[in-house]
Each structure stands twice: as C-alpha cells, then as structure tokens.
Amino acid sequence: MFKKWILFLINLVSLLLISAIPICLLFDSPNLAGSMLPHWKGVPTLSEKEISDYTEANNKIRTFLGDAPSLEQLQVKFKRFSGQQMQDNIFLAKDAMYENIPQPDPQSNATSNNANGMLEFVYRYYIPTYVMIVPTACAIKQNDVPQNAPLFNQRNYIDDIYRSISGVITSTDVYTTLFASMDEYIYYRTIPELTGLGGYYLYSVLGEKLSLRTRSLAQFEQIYLNHNCYGSLYQRLPYPDVQPDIYSYYRMSLFRREYRMTRYEPDGYIHRYNDIILPQIMETSQEITDVVLGGRAPLITIKVDSPYKERLLIFSDETVKSYIPFLAAHYNEIYIVDLELADNDTLDKLGIKHFDQVLFSYSVDTFFQKDFSEKLMYLAK
Amino acid sequence: MRFFSLWFLFLFLPIGMLFYALTPRRWKMLSLYLLSLLYYGQMGLFYFGFMMASVTIDYFLSRLMQIFDDNNKYRRIVLAAGLIKNFGIGIITGSGSNSAFNIVPMGMYVYLFSALGYLVDVYKGDAVYEKNYIRFSLYCIMFPRIPAGPMLEYNSYLAQVKDISFHLDQLSRGFNLFVFGFSKQALIMEGLCEVTEALYRVPVGELSVISVWIMAGCTALSYYYAFSSYGDMAEGLGIMLGFRYSSGYDYPLISESVSSFWKRFNGTVTSFIRRYVTIQLSADKNGFATAAVHLIASSVLVGMWYSVNLNGILWGLVLGVITVCEELVFTKFLQKIPVFFRRILTLAVLLPSFLLFTCNAPQFFQYAGILVGIGAPLTGTVINYTISSYWLPLAAAVVFSVPILRPVRRLLSPPYANGKREAKPLMASSALFLRIVSLGITGILLFYSVVMML
C-alpha cells in the first residue's frame, strides 16, 4: 500500500510540474504590466485593476524571494552559454553590450547621396564646412566583441567618405582618437551612444579643426545624475551580466556660461529653457542621455552668453548630445538641425548665410542608413 | 495551437488531461474526440468545417461501400471517388499559392490519408466497416497525430481504441517523452535553424568545400529535428492517452542505405504509402521495371508528403533512383562493403539531397559544385564565427542524431507492455531511483525549453 502511495506521489509531482512553470512565469515581471503579458500569447486582456493587483502581488513575492532572475534574463544567459554572443544584433561582451552595425546594403545609395548633398550645400553657400563621422562602439571596442565576428570595417568606410569630399569639406578624424582610448569609459555599456568622456574626445579633435581654443577636461565639472542606469540596449535584451551605466554630464566650471535653448518640436510646439542640460526630464525621457538638449528635435537653437561672436550650424543625429556641452561654450549661437525630423518649413527658418561655420556630425550607421540628400538639395536651391 | 505553444502546454494539456482522466472509461473515446475537436477548432471555423466535411464524406463513402458490398463494380467506383477526392484535395491545396487556402491546413494530409488508407483497407476486406461515426472520425483527427502524424493503420487503432485505458504511470511516461520531443524542438531545432539560415546567407563565393558540407549537414539535421520532435511529442501524447504507436523516426542519419533511410525517416508514412499506393509490388513478382517504377513512385510521394512542389518531388525522385540502384542493381556489391563505410556512403548521398529541399535549381548546382570541390577552397574561415556561435545546439544535434544516448531516452520513457506497468515491480531495486532521475531530467528539460521558447 505504502509503495503504491509513493508511486502515486511521483506521478502527481510529474503532473504538478506542468503547472509549476506558469507560476515561474508569473514571477517574471521586470516591467510586469508592460512586458510580461505579451509572452503569454493569447491570454485575454486584463483590466487595469487586475493588472495593478497582479503587479502588487508579484512585487510582494519578488521582495520575499529577493532578486529572482527573470526568465528573459535566463534565456539570454542560456543562449550566450550555448555560444550566441550576438543576440538581436547586439554583441554581448563580458560586462557590456554593443550594437552590431551590419554592412551597408549594396543596393542603397544613401552614402553617396549624402556626400553629394553636402557638396552641393557647400557649393551653394561657401561657408567653412566640416564633417565628423563618428564610429560606433562595436568598431572601437572591437577587442570586446567575439573573435571572428564579421564586423563592418568602419575605419575604411569613414576614410572613403572623407576622400570623396576632400578639398571641399574639412574632415575630422575622430576614429584614431577614440581607438587610442578604447579602454576608457567612452561608450555606454547599455546605450548605443558616447559617454560624456567620449564626447570630450570628439570635442578635443573637433575644436582643433574648428580653430577653437579647446579647454582641458579639468576645466569642466562632472556632475553625476545616475549610478545605476540601464539603457535601450538592455531594454531590448536583458543581459544579466552587463554592468549598469553611470550617467554624468559636464559643465564648464572655470567660466560660467548662461544658455537659452529653444526646441522646435515635431508637433509644432516651441519650448524654451534656460539651460542645455535638463535633469528634470530624466524620469520621463526614453534614454537618460536625452537630459542633454532634451533629446532629438527638428531644430534646437542655443543662445550663449559668452565673449565669442561666432555662429555655428550643426546638422546631426544623437551624436551631438555627447560633445555639445563642451562645444557650446565657444559660440554665441548654435543651431542644431536634425535632418531626419526637420521639414522644409523648419529648414526655411535657418538663414544659413548668417552662420560662420557648418558642421555635419553623424554616426556611421546613420550616415549609410538615412538618406537626407533631398533636404540638403532643398537647402542648396 | 502547436504542441510547443505555451497555450497548449499550460492550458490545453493539463486541463485536457484532467478532463480525460476524470471521464469514465466507457466515455473516454468521446472525451478524446471532443478534445480533438477543441484542438482543431482553434484553427478557425473555415478549416474546422472543411476538415469535418472531408471526414464525413469519407465516412459516408465507406458506408456506401458497405451498401454495395456484393457489387464489386460499385465498390470500385466508390473507392475511386475516395481516391480522387483525397488525392485531389491534397494536391490542389498543397501545391502553392494557387490553392484555395493561404496555408495548407494543419493536419490535412493526416486526416486525408488516414481516411484514404481506411477506404483501401475496407475495399480489400482488411478492415471491418466502421458504423460508429465518432470512432471513425477520431481515427482521422486524433489530436496528437494531427500536426505531423505518425500514420496509423486502422486495425491497430481499432484494437487500441476498444481497449482504451488511462493510468497515471502512462501519463508520467508519455509526458517524459513529450518533453523530450518538446526540448528537441526548443533547445536544438531553433538554434539549428538559425545557424542554417545564417549559413545560407553567406555569399557563394566565400564558401569552402567543408563549409557547404556543414551547411548540408545542418539542413539535414534541421529537417530531422523539425519532424522527429513532433513525432516524439505525438508518441508521448499517445502514451499519455493510452495509445501506442511509433513516432516513425529511428536515427535516420545513421542509415546503412537509402532504403533503410526511408524506414527510419518518418517510417510510418513511408510504410503507409508503400502499403496503400505501391502495394504488393516487389521485384520478385513484377520484374525490374515495375518494381523500379513503384519504388520511385513511393519515394516521390513521400517527398510530396513534406512539400507539394518541385523541391519535394525532385528530392523523392533522386532518392528513389538511388533506392532502385541499391535494391535492384548493386545489391550484392553493396552487401560486401563494411557497415561503417556503407553509412558514410549513405550520408554522402543523403546530406546533399537535403539541399534540394531548400534551394532553387541554380543555387543547388552552385552548392553541388562546391561540394565536389569545383571552384572553391577546401577550407575557409568565413563560417567559423557562425559555427562557434551555435556550438551547443550543433553539438547536441549531432550527439542526439546517433543512438549513443538511447539509454537516456529509454530512461525518460522506458518500454512497457500493452499500456500496463511492466512486469518488474516499480519499487524493486533501482527502478524507483531511475524514475526519480528521469523526473529530474524531465523537469530540467521542460524548464530549459520553456525559457528558450519564451
């Protein structure tokens, strides 16, 4: 009789095993209301109250259990153990994540169109123009990406662009400088952007080209905002071994500068601020780096209370956020145009002839993925 | 609702099994029928209606055959109607974008050919006329077999369904095997497909001879794991429900010949097709030409079972011709070759043949050229990264494709007799320990698989 009961219990455990996994799934709640439910495909939609009760109950369990690893994290870890050091197009290094930049599509003419657009722009205005193509983390941190990984040669790509515009536009080679500092914290570990320090290196190279009196890093005060932040790469792929990022920004400490920033939003609204750093938006912004300039906008104008008189026009993507806190101190006025977001009405506001210098600053992936030549041609008309 | 969906695993399976377990024995067939309807019902009303209509027509054809029992001419006409109806639907719906459906309805070939086999059996007098509509329908649409087989002869089904039983012991054994199949899908097949796709993306000019052989190997393993995981899950579910049928997969990549490959690779389908389509035809009775034609015809039909397009037909045709050479031309010569070399030789034929399934003609000829060393170096480093990125699923795929781990599978689902516990008392000696170990392995596999399938 006893033996039969033992046998029955073993079978019962086997049955319970089926139902044990859903309970594990319920513990999986990194952003419970938002991200856990889609895994459970087909479950009827829950009401807000049900989700809130559910979240509360789970948080209690999680607190009780301590830091239970989520199943998503386990999946990433299992896959990495099985050899997949690149998942969802992200390289998983020992303690960092770097987005892989694939080879440009051979059918795409974005690179040549963009280069031609810049040339047309220069031929139209004859303003001293500079270009800075910024390599991404996977090129600079190539020692951290898996051996034999088929990396796109960003060095050659940048050199080819610079060659195609040489003699007309002044190129700024930041690759060498960044590569020499590859062991420093110049790229975020969970955000596909340069850190403040990386931005300083860009500024130091750019400053020489723009004939500025570049300041040493010691003349800038480093202000820490968050010691434990996880950026968009981590949201895409919760890699448990990654170290959190430390977010800080730089502010000139030797000579204080006053900034008046105006953001022309895509929806037509205009927002004005008394600074280019907006810590108040940290909680609501998509990426913590949006604290600088408030993130992307079609047009951002910065008036600087400084002894300088020069005006600078920047066409850029996210890369501008890394070096603008350093560069802004050297100008009287800076316009930052995001050609991806800007429409013709915005471009009409620029009054390009009044600028002393023009800078095109893009990361490698933006330059070959986005074709903004039409807008440059519009400006060149 | 596929077997590896969380819906099936965590809702349909436990609730369905509970419902089935609590149903009195005399109603078990009905409860299984209802579960099968419920399982198929989630495909959508149109597909459900189509399946029900097809099965009902086949049922009435068999009843019609009974009515004309003493008139062989009419019986032949009824059989012809069944053949035309089932083959016609199979070819029309399965032959690409011109078909009436956007996708081939899940399990269509299973219920069409099950009914077809039954009609042939009834015509030949090998099976009794089935009056019970539910029993006949259940044979065609039993949910464990619906996604990808295996095929089951009616008489074998009938013997089991009449003595249908349910034991917790069976449930445990079947569940272990189900999880084994599920983990083959989740842990091996998914990674294998990713690496195979990555290899196909490598430009032809950068491939070496070895890399194309690896590509062919990965393709063959992908197909094997894709189908055999379903076979294991179907067999496991069958055991849980009190049925016993083979998955039809028995380490096909170590076959000694292509003929043996047909028996090991979805063997139930091959034997089903040979039984009902190329029946009673052999070299001895009909001479070389007839035997060759029927061997090739059955191979082509098996190819079409997987894919009703040129790829499936060519694959079947090529392997059919090789089967003819093996069975009718070089039989004596091949028998003199040691088994190990015969296996290598068979693998050298089988692996490239799987490229036929995936590639169009120009691609295939490019890869075939590289396979024999035309215009490509022997080795290269291009695919090293891809291989190293998937070393674990690749290694597991190779290890589990040969029977060196057969004891593990036996541990997960040890053989038993007639749905009853084995003669040896479970508590005796190490049996209990083995059961606990198998439970542990099942638990780990299930957890690992669910995590990977999220």
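Conventions adopted
- Each chain carries its own residue numbering, running from 1 in the direction its sequence is written.
- For this description, chains carry letters from A and ligands carry numbers from 1, given in the order in which they are written.
- With pLDDT at 70 or above as the cut-off, local features in this predicted model cover only qualifying residues; side-chain atom pairs require 80 or more to be listed or tallied, and sums for whole chains, interfaces and linings still use all residues.
- The side-chain figures draw on all heavy atoms in the structure; neither hydrogens nor water molecules are used.
- In short, DSSP must find at least two bridges between two strands for them to pair.
- Secondary structure elements follow DSSP: runs of H or I no shorter than four residues count as helices, runs of E no shorter than two count as strands, and numbering proceeds from the N terminus.
- Fitting a line to C-alpha atoms yields each axis, with helices limited to the stretch in contact; the angle taken between N-to-C directions then spans 0 to 180 degrees.
- Small angles under 35 degrees read as roughly parallel and large ones over 145 as roughly antiparallel, with 65 to 115 read as roughly perpendicular and the rest as oblique.
- Contact between two residues is taken to exist if any of their heavy atoms lie within 4.5 Å; hydrogens are not considered.
- For this scheme, ten residues count as nonpolar: Ala, Val, Leu, Ile, Met, Phe, Trp, Tyr, Cys and Pro. Four count as charged, namely Asp, Glu, Lys and Arg, and the remainder, Gly too, count as polar.
- The criterion for an aromatic pair is that two Phe, Tyr or Trp rings (for Trp, the six-membered ring) have centres within 6.5 Å, with stacked assigned to planes under 30 degrees apart, edge-to-face to planes over 60 apart and tilted to the rest.
- Per residue, pLDDT captures the predictor's confidence, and it can take any value from 0 to 100.
- Like charges within 9 Å and nonpolar side chains (Val, Leu, Ile, Met, Phe, Trp, Tyr) within 5 Å are joined into patches, using only residues over 30% in relative accessible area that form no salt bridge.
- In these tables, accessible area is a Shrake-Rupley quantity obtained with a 1.4 Å probe, and a residue counts as shielded only by the protein chains included in the view.
- By definition here, a salt bridge exists when the distance from a side-chain nitrogen of Lys or Arg to a carboxyl oxygen of Asp or Glu is within 4 Å.
- Charge counting treats Lys and Arg as positive and Asp and Glu as negative, with His and both chain ends excluded.
- Where a charge lies is defined by one atom per residue type: Lys uses NZ, Arg uses CZ, Asp uses CG and Glu uses CD.
- Each residue is assigned to one of three classes by its accessible area relative to the maximum for its type, calculated with a 1.4 Å probe on protein chains only: buried under 20%, partly exposed between the two thresholds, exposed over 50%.
- Points on a 1 Å grid over protein atoms alone make up a cavity when a 1.4 Å probe fits among them but cannot get out, and a pocket when they form an open set with protein on both sides within 12 Å along at least five of seven lines; lining residues each have an atom within 4 Å of a point.
- Grid points are joined across faces, edges and corners, and a volume is the space filled by probe spheres set on the points.
- Counted as a polar contact is a pair of N or O atoms within 3.5 Å, where, for protein atoms, one must be capable of donating a hydrogen and the other of accepting one, and residues adjacent in sequence contribute only when both atoms are in side chains.
- Crossings are classed by handedness, with left-handed meaning an anticlockwise turn of the near helix from the far one by less than a right angle and right-handed meaning a clockwise turn.

## Looking at the sheet that holds strand β3 (residues 97-99) of chain A
All names here are of chain A.
Next, step 1: If you walk across this open sheet you meet the 3 strands as β1-β2-β3, and the pairing is antiparallel. Every interior strand has two partners, whereas the edge strands, β1 (86-87) and β3, have only one.
Next, step 2: Bridge count for β1 against strand β2 (residues 90-92) is 2 bridges, and the pairing is antiparallel. Looking at β2, one finds that M86 is bridged to F91.

## A look at the packing of helix α2 (residues 28-41) of chain B against helix α3 (residues 45-67) of chain B
Residues and elements named next belong to chain B.
Next, step 1: Packing of α2 against α3 brings their axes to within 9 Å, and their N-to-C directions diverge by 135 degrees. Accordingly, the angle class assigned to the pair α2 and α3 is oblique. Every residue of α3 that contacts α2 at Y33, L37, Y40 and G41 is listed here: Y47, F48, M51 and M52.
Next, step 2: Broken down by class, the residue content of the contact of α2 with α3 amounts to 7 nonpolar, 1 polar and no charged.

## Points about the packing of aromatic side chains
Next, step 1: Inspection of every chain in the model, using the stated rule, returns 65 aromatic pairs over all chains.
Next, step 2: Between F121 of chain A and F360 of chain A, the ring centres sit 5.8 Å apart and the planes meet at 90 degrees, which makes this aromatic pair edge-to-face. Of this pair, F121 of chain A sits in helix α5 (residues 110-125) while F360 of chain A sits in strand β13 (residues 357-363), placing them 239 residues apart in sequence.
Next, step 3: Seen in terms of ring centroids, Y118 of chain B and F136 of chain B are 5.1 Å apart; in terms of plane orientation they differ by 55 degrees. Their pairing is tilted.

## Regarding the confidence of the model for chain B
Residue and element names in this part refer to chain B.
Next, step 1: Chain-level pLDDT for chain B is 80 on average; 88% of the residues reach the 70-or-more range.
Next, step 2: Across residues 97-101, where pLDDT falls below 50, the model places 6 contacts with residues more than four positions away in sequence or in other chains.
Next, step 3: Here residues 417-428 scores under 50 on pLDDT; set against residues more than four positions off or in separate chains, the count is 15 contacts.
Next, step 4: At the level of chain-chain contacts, confidence expressed as ipTM amounts to 0.71, with global pTM at 0.75.

## Comments concerning a negative patch on the surface
Residues and elements named next belong to chain A.
Next, step 1: On the surface, D95, D144, D183 and E184 cluster together into a patch of negative charge.
Next, step 2: Structurally, the position occupied by D183 is in the loop between α8 (175-180) and α9 (196-209).
Next, step 3: Judged by its relative accessible area of 73%, D183 falls in the exposed class.

## Some details on the pattern of salt bridges
Next, step 1: As enumerated under the stated definition, the model contains 22 salt bridges over all chains in all.
Next, step 2: Of the charged contacts, one joins R135 of chain B and E130 of chain B as a salt bridge, the two residues approaching to 3.1 Å between their closest N and O atoms.
Next, step 3: Overall, the relative accessible area of 4% leaves E130 of chain B in the buried class.
Next, step 4: Two residues, D232 of chain B and K184 of chain B, come together in a salt bridge whose shortest N-O distance is 2.7 Å. With D232 of chain B in helix α9 (residues 209-241) and K184 of chain B in helix α8 (residues 168-201), this residue pair connects regions lying 48 residues apart in the sequence. When sorted by exposure, D232 of chain B lands in the same class as K184 of chain B, which is buried.
Next, step 5: Beyond isolated ion pairs, a larger network of salt bridges with shared partners links R296, E318, D338, E340 and K370 of chain A.

## Re a nonpolar patch on the surface
Residues and elements named next belong to chain B.
Next, step 1: Where nonpolar side chains cluster on the molecular surface, the patch consists of F19, W27, L30 and L34 and spans about 360 Å² of accessible area.
Next, step 2: Looking at where F19 falls in the secondary structure, it is placed in helix α1 (residues 6-22).
Next, step 3: The exposure class of F19 is partly exposed, given its relative accessible area of 39%.

## Here we look at empty space enclosed by the protein
All names here are of chain A.
Next, step 1: As enumerated under the stated definition, the model contains 4 cavities of 30 Å³ or more in all.
Next, step 2: Of the pockets and cavities examined, the largest cavity occupies roughly 110 Å³.
Next, step 3: Surrounding the largest cavity, 15 residues form its lining, G196, Y247, V292, K321 and S322 being those nearest its centre.
Next, step 4: Secondary structure elements with two or more residues in the lining of the largest cavity: β7 (245-252) and α11 (320-327).
Next, step 5: In this structure, the second largest cavity encloses a volume near 80 Å³.
Next, step 6: Mapped by element, the contributors of at least two residues to the lining of the second largest cavity are α11 and β12 (333-337).
Next, step 7: Of the residues in the lining of the second largest cavity, the class split is 6 nonpolar, 2 polar and 5 charged.

## Details of the side chain of S449 of chain B
All names here are of chain B.
Next, step 1: Locating S449 in the fold gives a position in helix α20 (residues 431-453).
Next, step 2: A distance of 2.5 Å separates a polar side-chain atom of S449 from the backbone oxygen of L445.
Next, step 3: Apart from residues no more than four positions distant in its own chain, S449 is found in contact with F182, S183, A186 and L187.

## Looking at the packing of α1 of chain B against α8 of chain B
Residue and element names in this part refer to chain B.
Next, step 1: As a packed pair, α1 and α8 sit with axes 14 Å apart at the nearest point and diverge in direction by 160 degrees. Our classification of the angle between α1 and α8 gives roughly antiparallel. α1 and α8 meet at a crossing whose hand is right-handed. Across the interface between the two elements, F8, L9, L13 and M17 from α1 touch L171, F175, F178 and F182 from α8.

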